[in-house]
Each structure stands twice: as C-alpha cells, then as structure tokens.
Amino acid sequence: MNRTAAAAGGSGSCRFAHYFVVCGLDSETGLEPDDGAGESFEQSPIRRSFKSKVLVHYPENTDRNPFNKDAVNMLCMPRGLSFRTQADILDPQFHSFTLASDEGTRSYGFVHTFYEEVTSPQIITAMQTLYQMHHVEHHSSSSSASSPSSSSSSASSPSTSSMDSLASSLEESDAESLAGVSGCLGCAGSFDPARDTLYVSKALCLVTPLPFLQASRQFLAQLHQAVTSQTPPPLPLESYIHNILYEVPLPPPGRSLRFHGVQGPIMCQRPGPEELPLGDYPLGEAFSLLGVDNMVKLLTCALLETQVLLYSQDYQHLMTVAEGITTLLFPFQWQHIYLPIISTPLHHLLDAPVPFLMGIQRRHGAERSSLHLPHEANLCFVDIDNHCVEAPEDLPLFPDQTELIQELSEVLLHFGLPPQGGMSTKPTTSTTSSATHLSSLVLEDLMEDRRNGNLGGEELAVLERLQALARRCGGGKISEGGKTLGHMFEEEEGLKAAKLNIQLREVFAVRFAAMFGRYEEFVIHSALDLDSWLSNREGTISFDKGSFLSVQPATHLHFLSRFLETSMFSSFVDGKVISRWADREPLQQLFDSRLERERLYDTGDEDSYNHPFRKCSSFFESAQATERRLMKADHTAIHPHLLDMKIGQGRHYPGYFPKLQADVLGQAQNTNKWSSRVTPSRRSEPKRSTVNDHSGVDSEHRQKHTFIKRALRQSKILDPSLQAVTQTHKEFVDELLSECRLKTKRMLMERMGKECAELGQGEASITGLQENTLILGLCDLLERTWGHGLQIKQGKSALWSHLLHYQAAQGKLEAPAESPGSNCSDQRTFDEGALVMRGSLIQDVRFIQTMSDSLSEVGQARAWIHLALEKKMLSQHLKELLTNQELLRQLYKSHAFLLCEEEREQFLFHLLSLNTVDYLCFTRVFTSVCLPYRVVIIPMKKLSIAMATVNPWVCVSGELGDSGVRQIPKNTQEIFFQCKNLGRLSTLQLGVQENSGLLAKCLIDCVMVYNEITGHIYKFPCGRWLGKGVGDGSLERVLIGQLVSPGTEEDAGRWTGTPPELASPSQSVRAVLGSLGSRSRMHSVEVQEDMREAANNLVKHFHKPEQERGNLTVLLCGEGGLVLALEKFLLHGFKSNRLFQRNVFVWDFVEKSVVSMETADQMGDLRGSTLPKGPPCDSLCHYISAINASSRNIGKEGKFQLFVCLGIRDRLLSQWLPLLAECPLTARTYEEGSLLRDRATVHSLCRILQTLNEFSFNLEAALVKGVDL
C-alpha cells in the first residue's frame, strides 16, 4: 500500500509519464501582452500574442525530474495565447518538444493545442477595448488632421496600461471615431462581442521520460475528443489522467505495453538491449519533408557540428527533423545546444558562438532575408517548408554518399514514399473526428489501386492484412465497424512507420559500423587509473587519428579528418577509455556488441577499408521484433478506474476542459485493489536503472569528463530574464576562450610533431589534410567569436564584415596606401640582404579583395586568416583590428566577447603562440592567385662592379609552376614581377645571354627571392662564377633554395623556435671541384656514410604520406643530397694533377670514360677487348651525348647534376657505376686506394642505388629542361 505511493512520489523514471500539464489563459490575471513575441501593435488584437500560464500540473514535483514551470509553459505555447473567432479555423494542433535537466537527462513533452470558448466577461471586454483602440489608432493615423503625438501615445498605451482598465483610458475625443468600427466588423481580425464568439488556445501536455510520440499523441487526442463530445466519457477525466501518471509503467526493455485512453486502447513498445534505441519520431516524414539528398547533407552538417538552424511554420516539423537527425547519429550523440523549438524571447540564443541545433518558427508571410543571423559562415540553414538546405561552404561529401542515397531511395520507394521529398507542409493537426472517414477513403483508394495493379511490396501486404481484419470485424454495426476499421488502419500505418524507421536507421548504423569497425585498435590507453586520466585529459591523446586516417579510402579523408575533430567523436572515444574503469555507456555498449557480432561473420577481407560500402542486410530481421511487439502486447496496464472523488466533482461540460481535482491527482491513490496490480510491473524496472545509471561513483566520474556539453544548463538557457541571459552569454565567452586555448594547443602539438618527424626525431603525426582541417576549425572559431553579440553585419561573414568596417574607418583617417602590386619598385633600393617590409592589415585586406571575384565573404575571411597565419601576423592584425573601441561599441552588443577586455587579451595571447611554428597554408590553399615577387641578385662584394657587364635573367620555380624567363634590367640587380602562385619555391635558374661576350662574367654570392604578400624570403646560395672562360664556363646555373624567414629582420628573433620548411643547400662560396687537394684527403668511411644517408633520406621521403613529403629537388641536389654525395664518392682518390692550372671536374672523367668506351667498342672486334657491352653501355653513351648536345650552357657541374638526376629517374645509375669502375681510364685517373677501384665498395653502392629503383622520381622541369630523354 505504501510501496505504491512511494513509487508514485519519487520514482518518476519508472512511470510512463512524469507530468500532465494544462497551459492557457488565466482569467484572474487577465490579458498580458507578450512583449517578447516580436509582434507589431499594428496588428489587430485578435492576431496578437498574449502571455500564457501553466494553469495546473500534476504531480507537483518528482525527485529526479523537477518541474520547470517557465520552460514548460514557453515550450507548450511558444507564441503565447492565440485568440480566434468563429470565422477562423479552429482545428487543434499537435507538437512536441524536448527538455533537458541540469544533469543531462532528457525528457519529452507532447502538446495538444485546441481552442476553447472564452466565457470570462472581463476577457471579452478587454479584447473589445483593445480592438476599439486599435481601430481608433488606425483611423487617426490615416487622417491628415491627426497629430503624430496622439498617434504615438495611443500606440504605446496597450503595453503600458492594464487590460482590465483600458476602457476608462480612452479619451472622449476618440468616441466619435468609434462610429466607424461597425463598418469594419466583417473584415479579418475584427471582433464584436454582439455577433462574434471569442476563442482562446489551451494546451494539454504530457511529459514523458522516453519519446513515446504516437502513444502520447493518441492519449491527448482521445482526451480532447472526450471534452468536445456531447456524450460524457465513461469515467471522469481525472481517472484517465491519474491512470497514465501513476498506474501506467514504462514498458520493460524488449516488451510492449497496452494501456487505455478515453476512447480505446493505446499500444507502446520499447526496444530490447540489443536493438537500436527507441526512436518514435517518423523518419519517413522527415525524409518526405526534405528529400534524401537534403537529409544526407543535413546529417553531414550535424556530424561535423556546424550550427544548424531549422525554419518552419509548423513546430512539429521542426521537432520531427531535429529528432530524426539526432536519431540517425547513432552511436554518436549531439554534445551541444539542442533546442528544436525556441520562442521569440530566446532568439538571443542565435548569438551563441558555439555549435547548436535549434529551430525557429516562420511567421506567416516572413521571408528568409528578414532573419538577422549573426552566424552564417558555418551555419546550415534548413528551410523545411521550401524543402531547402543551405549548407556551409566547402562541406565535404558523406563517405560513399552516392551509394548511400541510392540505398535510402530504395527503402523509401519500397514504402511508397518519393525520395525527392517535397511533402505538403500543412500544420500538424490532431483531429480525430474525421479519422474514420479519412481512413475509409484511403482504404477505398487502396482497393482501387489494387484492382488497377498499382500496388506492390509493402503496400500490398498492408492492404491484405487490413482486408483480413475487416472481414473478422464485419458483424458489427456500420458505425462501429467503421471505427474499428479506422482504428485498424491507424495501427497498420503506425506499424509501417515503425518498420520504416528501423530500416532507415539500420542503413546509417551499418555505414558507421563500416567506417569505425576497427576504431578500438586506434584508441590509446595511456593512463593507469581514471583519476590520472581525468586530471591530464587536455594533454592526453586518446585516439591515433593519423594512423586511423592512413587506412581509410582517399575519398573519405576529407569528411573523416574533420569528423575526428568534433566533440561527439571525442566524447565517444572518452567513453571507450573510461570503460576500462567503469561500465560502458549504453549506446557505446550496443555499438561494440554489434561490431563483435559482425566480426563473427566477417570474411577476413584485409582490403575491407578500401571497399567499406556494403548494403544493410538486416532490414527485415531488425523489424521483426518491433512488429511482433506491436501486433501483440506483452503487458497490459491497469485500466482507468473511479477515484475517491466527492459527489459533483468530475462533471462533463461539452467543449470545455474541466477544472481538474487536485486532491485526487496530486499523488497516487493508496488502494490495495490497484496497487497490487501495479507493483510487479514496477518491480522489474530498477534492474534497468542500475545497468544504465551505473554506480554513483561512475556517474560522478562521467560528469567530470563532459566539459563543454554540461557547462550550459538548459534551465538557464530557457530563462529569458535579463540576469539569466547575461549569465548565459558570460558562459559563452568562457567557452570560446577555452576552445581557443584547446585549438591552438592542438595545432602547436600537431605541427611540432610534424617538424620533429622532418628532422628525423620521430614519425609524422599529421598529414596535410589534418593540418588544413585544424586551420579550418580555427577559421570557424574566429567567425563564431566575431559573430557573438554582433548587431551590424555585411554579408555572411562576421569577421570580414568587421574588417570592411575597419577599412572604411581607416580610409577616412588616412590616404589609401599604395597597393603591393603597384609598379613602384623602380624607386626601391636594396642593400645586401635587404628584406621587404610586410604588408599591414589594411594592405592584406585590399589584396584579398583583389584576389578573385568568385570568393564569397566567407571565402575572403578564410583567405585573410590563412594569409595572416602564414605571415605570423594573425594575433597582431586582430589586436590592431580591436583597437578601434568606437567601432567595436557600434558593431557589438554589450555582452559580446570582443567587448570583454580580459578574455579578449587572453584570446589574442593564445593566437600569438601560433607564431612559434611555420605554416604555408595560404600558399598551398589559394593556388590560383596572382602574387608579386621580387628577385635580388647579390654578387660577391669585392666583385660587385662586375654586375654592370652582365645582363642576367632568372626563372623561379616552385611546387605549382615557374615564372618563366624574366630578364633583369641593365645596371640593376633586381626585378619585380607578378605571376600565378608558384607555391613553395624550390629552384631558381640564373643565366646570362649566349652573346654576352667574354667580359660578361661575375661571381654570384646568392639570389634572394621575396614574396611581397606572404613575406616569405627564399635564399638561393650560389658561390660560383657565371660567364664564359671562368670556372666551369657555365652560362646558366640551377640553384636550390631555402626558406630563410617568414618575417622581417627585426622580428627574426621570434622565429627561432622552428626549423626552416626547406632543407638548406648551404652552397655559399664553396670551392670549385677542381681544387682537389683537400678532397683527396677525405676519409672513405665518411664518404660512404654520406652516400648511405642521402639514399636513406630519399627512401624516407617516399615512405611518407604524399602531403608530408618535402622537396625532392633538395634531397637530390641540395646539401647532403645524392648529387653531392656521389660527387664526393667519385672524387675520392682522384689524382690531383693540374694541367696548365686549369680545373678538372668529375664531368671530365665521365666524358673521357664514355669516349674510351666508344673507342673500345669500335676496336673491340680486332683487339678482343673485355669491356662490358650491351644496353647499359649503350644507354650511358646515349645519355652523355644527349646532355652534351643540349642547347643549355649549364657548365660541367650542371651537366654532372643532370647526369645523376636522369640516371636515378630512369633507374640506370646503378648500372652505370660498374661501367665507370671497369673502364681502363679509371686505373690511370684514380689512386690504388680510391673507392671507385674497390669492387666491394662499388658493389655495395650499386645495391644502395638499386633500392631507389622502386620509387618514381618526378624531376622538376628546371632540372631537365632542354634534354630530350
């Protein structure tokens, strides 16, 4: 006896429903205008919104789910009270909402809204007075004699005076104009109590712990039908409400339950522990509203945690789409703000600088352009009524999206739904009076379609079951038979919707299982216990993202690299880590068990990651259990029964919802007769609670690691008071600062990990794609930060809008600075090693504006961020942007992040830390932009006068192309030009004209190349002569570059934390190769070690992911490269005899060896020479001849470099070295102890070179230009 009462009072989680609520008009307080509704007082009062109130709710409270009166009232009637007359449509409406507690548990509200006749004389009089005032105001405003002051005073009176005393506030002078009121009685929005009946909206709400949509909807509809019926229900309404609140338990997992409403039985079911969680919202309707393509696009946005805003006239459509998307996320969960319905007082939440999924109602006749949205750069705007999804720019495709859409389309077609969507978006009504007639008409249409052969598959099976049921019920009366048939039709439709839900969810569950089937292999368990893991959570890497991405198909990487950075995936991985010490989350436990089950039937295909798409084959199996439960109830709840009510209570008044008796609904009835039947059902429920809720310790641990998702409590978010709004935005500010700290820390860790790998200190932990993903996340963070509290914006980008306003403000203060692309470089003079001044913030903005007309505002903002990040000026530029306090106060509201001085400074400090690493994000992303370059030739100081005698030219080459030959003007040492982005620079060709004469010669120290936009400086060391008759006689040299600094000289001290992006060739002022005295004393061990190191660097280069590879030209021709290593090898033991003081080069030896081979080949038949013959010898002679025949005068050093590069490219170098070693000339040219004369050493070197034959060497055009091989 006491057990039942205790269960009713404190175990709300065991019951089907938590609360029953009635919201509507409180006649005692009268009419209160809803100031937050955002409506104009130009509207007729009958069309305005007024404040609603919670009239009653039962029970008063429950332990685990305290009643939030204001939130429930706001969500039950988001637009407040609505008044109507008999001339308006009075169909009831249905919608639902979701409510989250501060602990994170979610409950669902189901609302049936109907119109009830107003009987209060005070309310009718107040409405009449309001209408008269409205008419007088419009009459006076249209009259030319009326003064503006009277118009304004009358306009303000409705919001400032009491509605009950409005009649006395009318001035006598206005009475004459009231005569015209009667002439407008027939127009829309008019009201005359003498001839009109006034109706007001009232909402019946059921709050449940689980989304029992269909059952709750039926219960409320039957309750309302009993109210409108002329015949009283079998029992007072209190009996049915008491029954569902206290006597109907939650169905046990894997079981179904039948309980009774006013008109008939209602069925609900609950999936078992091995099935997908309960999802009662009709996914078929969501797909019909938007279409398959749009739903997949919307799901992609939700998975990537963009801001999602739903827009529709129908509240239930908002909820259907929102719940549909979150249901399809399994096994992941939405971690951020989730408010599918927000009323006008909560529209400030659109300022939220965090990911959200929210929905707002479209007002009648409103357009998309009328919405003021501060965040649009990363916003997914879903116009449900117009079947449109506006996704953010650069949204990646969902993996195997084409195949997924095809599979979803087949499922929808099987159930008779069009994949393209476009379903009618009429308001969701809850009328049941015409349900019988409608269902019978539908059944007749189905019969006609069957006769015409237009049915098949699922529809035909449904029709056959309906006919069988109709035959069994054929003995009843016509009316009763019609009701039975209509009820059966509804049951069949409900079963069909449930089966469609399961099949659509299974399709996505199989997709995620294919993508993350082996995710456990990449989870990193580094902590010894839970407390140590929680204390070091931010600095702990729990998932090996790089390794995971390395085994994924290339087409999936764009999506997956971004998804791995989301909070929902991080939370999913955290749950896996915590499962070592605590029970697993139910969703994760279900997902893992499904993966284990799939592995049992796995074929063992190791290439499954390359072909992960497979159709879902468990459609019908997964739907069988649900169909069985819905066709036959496992449990039946207690029937409604008479309560201990006083005589006269519970009377029936047709059309009016009665005043419920609080004494019988406040708590459960303590009657042995009923409690003994309820107890067994509830006794089994706590078992589930202990499994899902774990122990108190586990719950405490789990709450510790939720971080952001629990920081914003929904009870505070739904509070529209000024204090609560201020506190909410303060929490938004703190969250932005925390996110900035975490993002910059992650970027630094990943970038430094890559640099360590480049230095040979570890394996690379990031690919270029991951780096782009992190930078894109930074762009999104900056957009959300600059959008917080914004009130004036141009275009879709909040940051770019601020930059444009700042540019306009600066333009008024100072004359526009000269564009970096102007032809003013002729007046510039540069000293040796002079460095260009970097562009200011305004110059960078102007450059971005001139980049391309195809860039949107969001694209321009991202380009500016990329450029500032590459220049290491992001923090400095943003700090300069925020110095204009007057502009900030003009653009932003007081609660905006940018007006919080302390947090803003910390934000900029975190961004400043990014200056310690190098990025080439702008250069690599915006490849088609035209950039200005400046080339400066720096000769040796003592011989700089020789530059006046030469007329040099340059050709700069990079990852993306070359500049073409650029002639340097006479008597100058520099040239300024613009060309398409060359990417990271690698080589520079420097030469003089063939007809320059013998005096055209100079000793070049180096060549400096400046990127005038990014501020990058490349140094190309030379240290050799250029000209005829000096050195090796080269008229053209190919120089290898290194990135010196991304900044100016005065900032150089700040950039020492990171090694240069390119390896340095360091060839400055090197001795010519003919100076053999020092070279002959090189140790053989060092030479062989250099050779092995050069080859090893090439092998490591090709084993890296393509996005991480450095510059191949540097590894071949730079310092420590293969060319110099092989040069040292061939110089070892070389006899240093100089003839007439002329330098001797390695190329001389190679040339003479080929000549001797050709001579021996011609004389071999006569003298019986033992020189090896065949293809290797022929190819060596052919290549040497082709190099000598080249039109380029690259000198002997250049020819040897070309010889090595072509040999390694065509896999011939390992065959040529033995030929050179066996040549008779070698014995005369090299000493006895030279490496080339040691057969074992030559054989070892050939084996090293053979390891490079498996790689494909794509040489830069600058290296092989002019040679046709």
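Treat the numbers as computed from the prediction; the structure is a model and nothing was measured.

Some thoughts on helix H41 (residues 1195-1209)
Now for step 1: Counted at 1.5 Å a residue, the expected span for H41 with its 15 residues is 21 Å, and the 21 Å between its end C-alpha atoms agrees.
Now for step 2: Along H41, 13 of the 15 residues are buried, which leaves the element largely enclosed by surrounding structure.
Now for step 3: At the exit of H41 stands Arg1211, carrying a positive phi of roughly 60 degrees.

Focus: helix H40 (residues 1175-1188)
Now for step 1: For H40, which comprises 14 residues, the first-to-last C-alpha distance of 20 Å matches the rise-based estimate of 20 Å (1.5 Å per residue) to within 8%.
Now for step 2: Considered for burial, the residues of H40 that qualify are Cys1177, Ser1179, Leu1180, Cys1181, Tyr1183, Ile1184, Ala1186 and Ile1187.

Comments concerning the sheet that holds strand E8 (residues 256-260)
Now for step 1: If you trace the three strands from one edge of the open sheet to the other, you get E9-E8-E15, paired in mixed fashion. Both edges of this open sheet fall to strand E9 (265-269) and strand E15 (635-636), since each of them pairs with a single strand only.
Now for step 2: Sheet analysis places E8 next to E9, joined by five bridges and oriented antiparallel. Residue pairing across strands places Phe259 opposite Ile266, the latter belonging to E9.
Now for step 3: The sheet strands contacting helix H6 (residues 213-228) are E8 and E9, and the helix crosses E9 at an angle near 160 degrees.

Digging into the pairing of strand E21 (residues 985-992)
Now for step 1: Counting buried positions over the eight residues of E21 gives eight, a clear majority of the element.
Now for step 2: Sheet topology places strand E17 (residues 952-958) next to E21; seven bridges connect them, and they run antiparallel. Following the sheet pairing, Pro952 is matched in E21 by Val992.
Now for step 3: The pairing of E21 with strand E24 (residues 1036-1040) spans five bridges and is antiparallel. Within E24, the position partnered with Gln989 by the bridge is Val1038.

Observations concerning the packing of helix H9 (residues 292-303) against helix H11 (residues 401-414)
Now for step 1: For the pair H9 and H11, the least separation of the axes is 10 Å and the interaxial angle reads 130 degrees. Taken together, the axes of H9 and H11 lie oblique to each other. The crossing of H9 and H11 is right-handed. Contacts from Val292, Asp293 and Val296 in H9 reach Gln401, Leu404, Ile405, Leu408, Ser409 and Leu412 in H11.

A few points about the packing of aromatic side chains
Now for step 1: Within the structure shown, the criterion is met by 41 aromatic pairs.
Now for step 2: With 5.0 Å between their ring centres and 45 degrees between their planes, Tyr519 and Phe572 make a pair best called tilted. Remark: Phe572 occurs in helix H18 (residues 567-578) and Tyr519 occurs in the loop between helix H14 (478-515) and helix H15 (530-535); sequence separation between them is 53 residues. Across the pair, Phe572 and Tyr519 agree in class, each one buried.

A word on the pattern of salt bridges
Between side chains of opposite charge, a pair can form as their charged atoms come close.
Now for step 1: Enumeration according to the criterion identifies 37 salt bridges in this entry.
Now for step 2: The salt bridge partner of Arg362 is Asp383, with a shortest N-O separation of 2.3 Å. Taken as a pair, Arg362 in the loop between strand E12 (356-361) and strand E13 (379-383) and Asp383 in strand E13 lie far apart in primary sequence, 21 residues in all. Exposure class is identical for Arg362 and Asp383. Each is buried.
Now for step 3: For the salt bridge of Arg784 with Asp780, the shortest nitrogen-to-oxygen distance reads 3.2 Å.

Here's the deal with the packing of helix H36 (residues 1084-1103) against helix H44 (residues 1239-1250)
The geometry of a pair of packed helices is captured by two quantities: the angle between their axes and the separation between those axes.
Now for step 1: Across the interface, H36 lies against H44 with an axial gap of 10 Å and an inter-helix angle of 15 degrees. Taken as axis vectors, H36 and H44 run roughly parallel relative to one another. Note on packing geometry: the crossing formed by H36 with H44 is left-handed. Across the interface between the two elements, Gln1088, Met1091, Arg1092 and Ala1095 from H36 touch Thr1241, Leu1245, Ile1248 and Leu1249 from H44.

About the thresholds
- Residues numbered from 1 in each chain as written.
- Predicted model: local features only at pLDDT ≥ 70, side-chain atom pairs only at ≥ 80, totals over all residues.
- Heavy atoms only, no water.
- Helix = DSSP H or I, 4+ residues; strand = E, 2+ residues; numbered from the N terminus.
- Expected span 1.5 Å × (residues − 1).
- Buried < 20%, exposed > 50% of the residue type's maximum accessible area, 1.4 Å probe, protein only.
- Pairing = 2+ DSSP bridges.
- Contact = heavy atoms within 4.5 Å.
- Axes fitted to C-alpha atoms, helices over the stretch in contact; angles between N-to-C directions.
- Parallel < 35°, antiparallel > 145°, perpendicular 65-115°, else oblique.
- Left-handed = near helix turned anticlockwise from the far one by under 90°.
- Phe/Tyr/Trp six-rings, centres within 6.5 Å; stacked < 30°, edge-to-face > 60°.
- Salt bridge = Lys/Arg side-chain N within 4 Å of Asp/Glu carboxyl O.

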